[in-house]
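Summary of structural features
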Amino acid sequence: MKRSVLSLTAAVGLALAAGIAAVPASAATVDSAPQQGYVASSYAGSSEEAANNKAFYDAVMKSALAKQAANPFVKVVYVTYDASSAPTFRNTIASSASIWNGSVRNVQLRSGTNADFRYYEGNDSRGSYASTDGHGRGYVFLDYRQNQQYASLRVVAHETGHVLGLPDHYSGPCSELMSGGGPGTSCTNAYPNSTEKNRVNSLWANGLAAVDAAR
């Protein structure tokens, strides 16, 4: 998984106010926006990547919390994803969402068409990655070959971790989800460790608190 970083759906139903960027479904037309992916062999992180990830996260949080104003008692942010353009991985994506939903409490993933981000599938020499355009829009691309080489559920859960705000850390152990392909193809762990869970919970709790304080 390479370079990344989202709906207060609940009873509200949320999509980013700016809309979702149209993204190609094949590697032939995949853009060259800064991305986060599963392996580090062809990509090194950058300050631009970090800035784009933060812009994506901030835009999603702002949109979700604006919608929350209509339902102020909801304290969980619901992020909606659309897996219709990645039918091969539909079940794996659902399993990844279930893992994250069982791991964190301040943000939850839901499948829907009025989505905050989308999954795509195809062939790309860069492998799988989560990509942002720096304006609060992004998507996850799942590469066929890489998902055959590595444990597919780990790949998808890793890329989804980017959507939730986590960076790559390839030097980490297999027990660290965001180490991606660093531990090698034998690593099948698809669950975030306690540090990663706490980080996601903190990111989304802080966002909620910031908006509550501004009211």
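Residues numbered from 1 in each chain as written. Predicted model: local features only at pLDDT ≥ 70, side-chain atom pairs only at ≥ 80, totals over all residues. Heavy atoms only, no water.

So, the state of the cysteines
This structure, assessed with the given rule, holds 1 disulfide. Two residues, Cys174 and Cys187, share a disulfide whose sulfurs are 2.0 Å apart. Because the sign of the S-S torsion sets the handedness, a value of about 90 degrees for the bond joining Cys174 and Cys187 places this disulfide among the right-handed ones. Taken together, the residues Cys174 in the loop between α4 (152–163) and α5 (194–214) and Cys187 in the loop between α4 and α5 connect sequence positions 13 residues apart. (Disulfide = S-S within 2.5 Å. Helix = DSSP H or I, 4+ residues; strand = E, 2+ residues; numbered from the N terminus.)

Side note on the pairing of strand β3 (residues 77–85)
In terms of residue burial, β3 counts as a mostly covered element, since 7 of its 9 residues are buried. Where β3 lies against strand β4 (residues 107–111), 5 bridges are found, and the strand directions are parallel. Note on β4: the bridge partner recorded for Tyr81 is Ser111. Regarding the hand of the β-α-β motif, the stretch spanning β3, helix α2 (residues 90–103) and β4 is right-handed. Note: β3 against strand β5 (residues 117–122), 3 bridges, orientation parallel. By the bridge assignment, Asp82 is partnered in β5 with Arg118. (Buried < 20%, exposed > 50% of the residue type's maximum accessible area, 1.4 Å probe, protein only. Pairing = 2+ DSSP bridges. Right-handed = clockwise from strand over helix to strand, strands pointing away.)

Thoughts on the environment of Gly184
Examined against the element boundaries, Gly184 turns out to sit in the loop between α4 and α5. Take Gly184: its relative accessible area is 21%, and that puts it in the partly exposed class. Separated by 11 residues in the primary sequence, Gly184 and Pro173 place their C-alpha atoms 9.9 Å from one another.

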